[in-house]
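# Commentary on secondary and tertiary structure
Next come the chains, spelled out residue by residue.
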Amino acid sequence: MIPLSPPDVDPDEARRRMLEELSKSEYDDSPGFVTWLLGMLETWLMDVLDGIDGSSAAQAGIFVALAVLLVVVAFLVLRRTGLIRRGAELTVETALDAEESLSAAQLRTAAREAIEAGRTDDATVLAMRALVRDLDERTLLDVTDGMTAHEAAGAAAVPFPYLRSRLQLGAEAFDTAAYSFRTTGAKQAQDLVRLTEYIAESSPDLTDPAQVTA
């Protein structure tokens, strides 16, 4: 078997090509896509490895750079799809469409109870899920699989434009609670719960024709 030659590109060019490929519209965050992507990256890396005999420091350097790229891309994809989470501190699901059997009111109650118990990260996540569930129940938001908190906040700002900045702050708090190694403070959790409660009791601005349902 004739060994494959290493790619005639430097690490920066390899990274550019990979990110360009991942940006194509046909890719999504579904579990099937994750499995396919990881398999594709593994196959690609093994092909490169087969073409490196270890006799060249340049070849070894390219391999190390590609291996690092593989790990970084895999981590970003897994984190983006929610398959990587912060750890055991968070006890609730982070997917915005999780536990569809729970109503927005039930999620708000759970968020308030989490605050009282000192679980501010759980409260933040539950509050954002409650907000999304409330808008979905009122047909003001079309929840999609893998929707991020910032996407939800942007969509919620259409019927509630005067709350845009508060919605974005809520999305940032959600990302902190769900994905970072930092924790949200009690004020952040309380602010998002209050925002969720306020929106639930408020009428949307339907002056935008796109928001008016037939």
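Residues numbered from 1 in each chain as written. Predicted model: local features only at pLDDT ≥ 70, side-chain atom pairs only at ≥ 80, totals over all residues. Heavy atoms only, no water.

With 37 residues, the main nonpolar core has Leu96, Val125, Met128, Leu135, Leu167, Phe174 and Ile199 as its most contacted residues. When residues in this core are grouped by element, the largest group, 9 residues, is from helix 5 (residues 120-137). Apart from the residues within four sequence positions on either side, Leu167 is in contact with Leu131, Ala153, Ala156, Ala157, Phe160, Leu195 and Ile199. (Core = buried A, V, L, I, M, F, W, Y, C linked by side-chain atoms within 4.5 Å. Buried < 20%, exposed > 50% of the residue type's maximum accessible area, 1.4 Å probe, protein only. Helix = DSSP H or I, 4+ residues; strand = E, 2+ residues; numbered from the N terminus. Contact = heavy atoms within 4.5 Å.)

A few words now on the pattern of salt bridges. Note that side chains of opposite charge can pair when their charged atoms are close. In the structure shown here, the tally under the stated rule is 6 salt bridges. Here Asp191 makes a salt bridge to Arg194, at a shortest N to O gap of 3.6 Å. Taken together, the residues span about one helical turn, with Asp191 and Arg194 both in helix 8 (residues 186-200) at a distance of 3 residues. Overall, Arg194 belongs to the partly exposed group, its relative accessible area being 47%. Each of the salt bridges in this network shares a partner with another, and the network as a whole consists of Lys187, Asp191 and Arg194. (Salt bridge = Lys/Arg side-chain N within 4 Å of Asp/Glu carboxyl O.)

Tallying each qualifying case throughout the model produces 1 aromatic pair. Judged by centre distance (6.2 Å) and plane angle (80 degrees), the rings of Phe174 and Tyr179 are edge-to-face. Of the two residues, Phe174 and Tyr179, neither departs from the other in class, the shared state being buried. (Phe/Tyr/Trp six-rings, centres within 6.5 Å; stacked < 30°, edge-to-face > 60°.)

Any link to function would need more than the numbers given here.
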